Amino acid sequence: MKLSDILAGPGPHFSCEFFPPKTDKGEENLWQCIQELAVIDPAYVSVTYGAGGSTQDRTKRIVTRIKRETNLEPVAHLTCVGATKEQLGELLDEYSAAGIENILALRGDPPEGMDHFQATAGGFSHASDLVRFIRDRDGFSIGVASYPEGHPESKNGVDDDIRFLKLKQDHGADAVITQYFFDNESFYRFRDLAVASGVTIPLVPGIMPITNFDQIERFSAMCGATIPAWLHARLDPLRGDLEAVKAIGLEVATEQCRDLLANGVTALHFYTLNKSEATIAVCNNLRTG
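Here the structure is a predicted model, which means the values were calculated and not measured. Counting restarts for each chain, with residues numbered from 1 along the sequence as it is written. Confidence filtering applies because this is a predicted model: local features only for residues at pLDDT of at least 70, side-chain atom pairs given and counted only at 80 or more, and all residues used for totals across whole chains, interfaces and linings. Excluding hydrogens and water, the side-chain figures rest on all heavy atoms present in the structure.

S.K.: Which residues make up helix α3 (residues 56-69), and what values go with them?
M.R.: Starting at the N terminus, helices and strands are each numbered in turn, a helix being any DSSP run of H or I of at least four residues and a strand any DSSP run of E of at least two. By definition here, a helix of n residues has an expected span of 1.5 Å times n minus one. End to end, α3 covers 20 Å across 14 residues, agreeing with the expected 20 Å (1.5 Å per residue, within 8%). Each residue is assigned to one of three classes by its accessible area relative to the maximum for its type, calculated with a 1.4 Å probe on protein chains only: buried under 20%, partly exposed between the two thresholds, exposed over 50%. For α3, the full list of buried residues reads Arg58, Thr59, Ile62, Val63, Thr64 and Ile66. Here, two residues are considered to be in contact whenever any of their heavy atoms come within 4.5 Å of each other. Turning to α3, the residues buried within the fold contact α2 (24-37), β2 (44-47), β3 (74-79) and α4 (85-97).

S.K.: Give me the nonpolar core: which residues, what numbers.
M.R.: For this analysis, a nonpolar core means a set of buried residues of the types Ala, Val, Leu, Ile, Met, Phe, Trp, Tyr and Cys, connected via side-chain atoms within 4.5 Å. If you look at the biggest cluster of nonpolar residues, it comprises 58 residues, and the most contacted ones within it are Leu78, Leu130, Ile134 and Leu268. The dominant element in this core, judged by the number of residues it contributes, is α2, at five residues. Listed in part, the 27 residues of the second largest apolar core include Leu106, Ala145, Leu231 and Ile248.

S.K.: Go over the pattern of salt bridges with me, naming the residues and quoting the values.
M.R.: For salt bridges, the criterion is a side-chain nitrogen of Lys or Arg within 4 Å of an Asp or Glu carboxyl oxygen. Here the structure, examined in full by the defined rule, presents 20 salt bridges. Its salt-bridge partner being Arg58, residue Glu27 comes within 2.5 Å of it at the nearest N-O pair. In this pair, Glu27 sits in helix α2 while Arg58 sits in helix α3, placing the two residues 31 residues apart along the sequence. For the pair Glu27 and Arg58, a shared accessibility class is recorded, and that class is buried. Counted as one network, the salt bridges with shared partners bring together Asp24, Glu27, Arg58 and Arg61.

S.K.: Outline the pairing of β2, supporting the account with residue identities and numerical values.
M.R.: Neither face of β2 is exposed, since Tyr44 and Ser46 on one face and Val45 and Val47 on the opposite face are all buried. For two strands to count as paired, DSSP must find a minimum of two bridges between them. Relative to β2, strand β1 (residues 13-18) runs parallel, the two being bridged by four bridges. Bridging from a neighbouring strand, Glu17 pairs with Ser46 of β2. Crossover handedness is defined by viewing with both strands directed away from the observer: a clockwise path from the first strand over the helix to the second marks the crossover as right-handed. The parallel pair β1 and β2 is bridged by α2, and the resulting crossover is right-handed. One ladder, built from three bridges, connects β2 with β3; its direction is parallel. When the bridges of β3 are listed, Val45 appears paired with Pro74.

S.K.: Before we move on, can you summarise the environment of Thr288 with the specific residues and values?
M.R.: With respect to the helices and strands, the residue Thr288 is situated in helix α11 (residues 277-288). The class for Thr288 is exposed, based on a relative accessible area of 67%. For the pair Thr288 and Arg132, spaced 156 residues apart in sequence, the C-alpha separation works out to 41 Å. N or O atoms closer than or at 3.5 Å make up a polar contact, with two conditions inside protein: a donor-capable atom paired with an acceptor-capable one, and, for residues adjacent in sequence, both atoms drawn from side chains. Only 2.8 Å separates the side chain of Thr288 from the backbone oxygen of Asn284, close enough to count as a polar contact. Among the polar contacts made by the side chain of Thr288, one reaches the main-chain carbonyl oxygen of Asn285 at a distance of 3.4 Å.

S.K.: Before we move on, can you summarise the pairing of strand β7 (residues 203-207) with the specific residues and values?
M.R.: Buried residues dominate β7, accounting for five of its five residues. With three bridges joining them, strand β6 (residues 175-180) and β7 adopt parallel strand pairing. The residue bridging Ile177 from the neighbouring strand is Val204, located in β7. Each parallel crossover has a hand, and the one from β6 via helix α7 (residues 184-196) to β7 is right-handed. As paired strands, β7 and strand β8 (residues 267-271) are joined by two bridges and run parallel to one another. Its bridge partner lying in β8, Gly206 is registered against His269.

S.K.: Please give an account of the packing of aromatic side chains that cites residues and values.
M.R.: Note on aromatic pairs: the rings of Phe, Tyr and Trp (six-membered ring only in Trp) are paired at centre separations within 6.5 Å, and the planes decide the class, stacked below 30 degrees, edge-to-face beyond 60, tilted for the rest. Inspection of every chain in the model, using the stated rule, returns six aromatic pairs. Judged by centre distance (6.4 Å) and plane angle (70 degrees), the rings of Tyr180 and Tyr271 are edge-to-face. Highlighted residues: Tyr180 in strand β6 and Tyr271 in strand β8, separated in sequence by 91 residues. Like Tyr271, Tyr180 is buried. Summarising the aromatic geometry, the rings of Phe187 and Tyr188 are spaced 6.0 Å apart at their centres and angled 65 degrees between planes, so their arrangement reads as edge-to-face. We note that Phe187, like Tyr188, is buried. Among the aromatic residues, those joined into a ring-pair cluster are Tyr180, Phe182 and Tyr271.

S.K.: Give me the lowdown on the state of the cysteines, citing residues and values where you can.
M.R.: Defined by distance alone, a disulfide is two cysteine sulfur atoms within 2.5 Å. Scanning the model with the defined rule gives zero disulfides in all. The structure places no disulfide on Cys16, whose sulfur is separated from the nearest cysteine sulfur, that of Cys283, by 6.5 Å. You can call Cys16 buried: its relative accessible area is 0%. Note on Cys80: no disulfide assigned, nearest cysteine sulfur contributed by Cys223 at a separation of 19 Å.

Here it is as structure tokens:
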């Protein structure tokens, strides 16, 4: 089922994101996670690339196995990094043959050791160009990413993100999954600006339940997500107590999601880090009130 059709249906829709492990043991653990998350009946699941497209083959294997062996609807991440148009076209043909209908089109992060993105000769420089390339081939529903607090590389903050988001929509994107955030007001401001600029496709908030404060500080520094002062004040004194951090993280994520659902959001996308416990707990809390 296509992403556009899924999100057009009545919500709330819960979805999950996984990353392809680098080892066979890690992949075994991922499959255990996927099986456990079936209890929340995800509307779809997405599988990322590693930095610089370093796990493309493993991503393809996982996505096609999800399609073949489960009832879950997979969304394959596809980036501009390290691939020509011809190579991207071949991969899309393989996905189509495997029955994959959904692609998340991204520019992608630079390969390890590079401090900035550099387009591959014969490839694409921007996600919007990749979106148009996929749309011209037909058969796929296309998701894209955006940053409610502004991409770390944006010179003009959120204004750049809104402009590029509208361009991606114009080139054929069907839905947007955002980077995670902890301040819902930043998402509401972003949504208002996007709508005012003509964005009409669904905006799906990205949710990151906090289970390790040191880890979330590192991630947030890289992706430009802000940890609000009130949240930092709650978690900083407890950073060495993982169970206490998890408890607060679960509470915060649940309340964040309740507020989003009460303010017009019909779909939530959980960054699972290949672990099921926190996502299941939040979804159960939302479904039981």
